Amino acid sequence: MTIDLQQKIYIAGHRGMVGSAIVRELSKKGYTNLVYRMHQELDLRNQTAVANFFETEKPDQVYLAAAKVGGIHANNTYPAVFIYDNLMVQNNVIHHAFLSGVKKLLFLGSSCIYPKLAAQPMSEDSLLAGKLEPTNEPYAIAKIAGIKMCESYNRQYGKSHGVDYRSVMPTNLYGPGDNYHPENSHVIPALIRRFHEAKVNQQAEVVIWGTGIPRREFLYVDDMARASVYVMELEKDQYELATSPMQSFLNIGFGSDITIAELATAVAKATHYSGKIVFDSSKPDGSPQKLMSSDQLNQLGWKPRVNLAAGLSYTYHDFRTIQV
Ligand SMILES: NC(=O)c1ccc[n+]([C@@H]2O[C@H](COP(=O)([O-])OP(=O)(O)OC[C@H]3O[C@@H](n4cnc5c(N)ncnc54)[C@H](OP(=O)(O)O)[C@@H]3O)[C@@H](O)[C@H]2O)c1
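Residues numbered from 1 in each chain as written. Predicted model: local features only at pLDDT ≥ 70, side-chain atom pairs only at ≥ 80, totals over all residues. Heavy atoms only, no water.

> So, the overall build of the protein: which residues are in play, and what are the values?
Scanning the protein from terminus to terminus reveals 11 helices and 13 strands. For the protein, the C-alpha radius of gyration of 20 Å lies close to 20 Å, the compact-globule estimate for 324 residues. Its C-alpha atoms give the protein principal-axis dimensions of roughly 65 × 45 × 40 Å. Buried residues in the protein amount to 50% of all 324 residues. In the protein, of all internal contacts separated by at least 6 residues, the share reaching a separation of at least 24 is 81%. (Helix = DSSP H or I, 4+ residues; strand = E, 2+ residues; numbered from the N terminus. Rg over C-alpha atoms; globule rule 2.2 N^0.38 Å. Buried < 20%, exposed > 50% of the residue type's maximum accessible area, 1.4 Å probe, protein only. Contact = heavy atoms within 4.5 Å.)

> Lay out the sheet that holds strand β11 (residues 258–259) with the relevant residues and their values.
With respect to topology, 3 strands assemble into an open sheet ordered β11-β8-β13, the strand pairing being mixed. The open sheet has two edge strands, β11 and β13 (289–290), and neither has a second partner. As defined by bridge partners, strand β8 (residues 215–216) adjoins β13 across 2 bridges and the pair is classed as parallel. Residue pairing for β13: Arg216 is matched across the bridge by Lys290. (Pairing = 2+ DSSP bridges.)

> Mind laying out the site of the ligand, listing which residues take part and the relevant values?
By nearness alone, 25 residues border the ligand, and Met17, Val18, His39, Tyr139 and Lys143 come closest of all. At 2.8 Å from an oxygen atom of the ligand is found a side-chain nitrogen or oxygen belonging to His39. One of the side-chain nitrogen or oxygen atoms of Tyr139 is found 2.4 Å away from an oxygen atom of the ligand. In isolation the ligand offers 890 Å² of accessible surface; the protein chains occlude 81% of this area. Those elements that place two or more of their residues in the shell around the ligand are α1 (17–28), α5 (137–161) and β6 (172–174). Each residue belonging to the shell around the ligand can be placed in one class, and the counts come to 13 nonpolar, 8 polar and 4 charged. (Near = heavy atom within 4 Å. Polar contact = N/O pair within 3.5 Å; in protein donor to acceptor, adjacent residues only side chain to side chain. Areas by Shrake-Rupley, 256 points an atom, 1.4 Å probe, with all protein chains shown as cover. Nonpolar A, V, L, I, M, F, W, Y, C, P; charged D, E, K, R; others polar.)

> Now, about the sheet that holds strand β1 (residues 9–12): what can you tell me, with residues and values included?
One open sheet accounts for 6 strands, arranged β2-β1-β3-β4-β5-β10; its pairing is parallel. Strands with a single pairing partner mark the edges of an open sheet, and in this sheet they are β2 (34–35) and β10 (249–252). Bridge count between β1 and strand β3 (residues 61–64): 4 bridges; the pairing is parallel. Within the sheet, the bridge partner assigned to Ile11 lies in β3 and is Tyr63. In this fold α5 packs onto β4 (104–108), β5 (164–170) and β10, with an angle of close to 155° to the strand it touches most, β5. With respect to the sheet, helix α7 (residues 221–233) is in contact with β3, β4, β5 and β10, its orientation differing from that of β4 by roughly 145°. (Axes fitted to C-alpha atoms, helices over the stretch in contact; angles between N-to-C directions.)

> Any details on the nonpolar core? Residues and values, ideally.
Nonpolar side chains in soluble globular proteins generally cluster together in the buried interior. By size, the foremost hydrophobic cluster in this structure holds 41 residues, and its most contacted members are Tyr10, Leu44, Phe54, Tyr114 and Tyr165. Every element with two or more residues in this core is listed here: β1, α2 (47–57), β3, α4 (79–99), β4, α5 and β5. No other element matches α5, which puts 8 residues into this core. Leaving out residues up to four positions away in the same chain, Tyr114 has contacts with Met122, Ser123, Glu124, Ser126, Leu127, Leu132, Met169, Phe249, Asn251 and Met292. Counting 32 residues, the second largest nonpolar core, distinct from the first, contains Leu26, Leu173, Tyr239 and Leu250. (Core = buried A, V, L, I, M, F, W, Y, C linked by side-chain atoms within 4.5 Å.)

> Tell me about the pairing of β10, and name the residues and values.
On β10, burial covers both faces: Phe249 and Asn251 on one face and Leu250 and Ile252 on the other are all buried. Sheet analysis places β5 next to β10, joined by 4 bridges and oriented parallel. Following the sheet pairing, Val168 is matched in β10 by Leu250.

> Provide a residue-level description of helix α11 (residues 308–323), including the pertinent values.
Taking 1.5 Å per residue as the helical rise, α11 with its 16 residues ought to reach 22 Å, and the 22 Å between its terminal C-alpha atoms agrees with that figure. For α11, the set of buried residues is Leu308, Gly311, Leu312, Thr315, Tyr316, Asp318 and Phe319. Relative to the axis of α11, the buried residues are bounded by an arc of 160° and lie together on one face. In α11, those exposed residues whose orientation departs by more than 90 degrees from the buried face are Ala309 and His317. Taking the backbone nitrogen of Ala309 as reference, a side-chain oxygen 3.3 Å away marks Asn307 as the first, capping residue of α11. (Expected span 1.5 Å × (residues − 1). Arc of directions from axis to C-beta.)

> I'd like to hear about the packing of aromatic side chains, residue by residue, with values.
According to the stated counting rule, one finds 12 aromatic pairs in the structure shown. On the numbers, 5.7 Å between centres and 85° between planes, the contact of Tyr10 with Phe54 is edge-to-face. Residue Tyr10 is located in strand β1, and its partner Phe54 is located in helix α2; the two are separated by 44 residues in the primary sequence. The exposure class assigned to Tyr10 is buried, which follows from its relative accessible area of 1%. A relative accessible area of 1% means that Phe54 is categorised as buried. Both rings, one in Tyr316 and one in Phe319, keep their centres 6.3 Å apart while their planes meet at 15°; by these two values the pair is stacked. Placement of the pair is Tyr316 and Phe319 together in helix α11, with a separation of 3 residues, close to one helical turn. With a relative accessible area of 4%, Tyr316 lands in the buried category. In this structure Phe319 comes out as buried when scored by relative accessible area, which is 0%. Here the aromatic residues Tyr10, Phe53 and Phe54 are joined through ring pairs into a cluster of three or more. Against the face of Tyr239 rests Arg166, its NZ or CZ located 4.5 Å from the ring centre. (Phe/Tyr/Trp six-rings, centres within 6.5 Å; stacked < 30°, edge-to-face > 60°. Lys NZ or Arg CZ within 6 Å of the ring centre and 35° of its normal.)

Shown next, in the form of structure tokens:
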């Protein structure tokens, strides 16, 4: 297949951690006709504004990386915002992409779509096989609706309009452009900030909630961006071989997990913190393990390239750049 590097590609959420990594990857591959809008210029919750944007720009492809994203605390505190914003953004973008003639779109979900007690590693067929984790249920429901929306448009308009809307479910991501907010961030950026501050303030120890025993999987964001473009560039028959009309998405993971204690040690090393790491086991642990099965994507020929030590070191560099 020859790839048209001049086709117009809209990256929604291009200033976010994932969106900016997708822009880097597309540019690296030689795609030259990329379009984006800042959140302030185009609020994707606004249907009229989104309709006008697609009518004016008429992109050929869309990467939908705009979303309201946050950690447990933010999801618990703002459940209404998480479900409303995400449903509005994705409904507007997917529907108006379709109306303006976009044939190819990539929707980004997340591993939280899988049931709380899903068998590990979680494969694509565990979607809707059980109850979700309550803390991020509103966010997960929006993401599941996004997958089903893409599938439904494929099923109804695939043959008649050539619609080919794909979805990927990345595991926990980290990397440059992450949100290092002390309360509203994910585990890696939160630990980077805490270990960095502990080093600067010469704290003798860093206390981490829980036992440190739960296992989690982490993928460097540039690997995720590479996988996203890889999936979009796959021939339709290859993509369809690995998916099915009502299970039309692929997991993107690192392929193995580590304990939170191992992660904390790795972050301490990346940030050059030499004090003690203490685990407060009176605090809740969350699920014992969250690992995705990336077998389908691996069989299609994609593998991650950046290991945790290198990825943490790049991310710490990014954190320090924004601090100054
Ligand atoms: N981070 C992870 O660990 C992870 C893991 C799995 C999946 N994902 C998925 O990857 C996607 C992107 O996540 P991310 O980590 O890159 O998040 P992020 O850094 O917060 O980026 C999200 C982007 O979306 C924009 N946005 C949000 N609401 C908008 C609106 N109403 N109108 C226009 N733009 C809006 C944000 O702009 P402002 O900042 O200006 O609001 C931001 O640029 C999400 O779908 C997420 O589910 C992320």
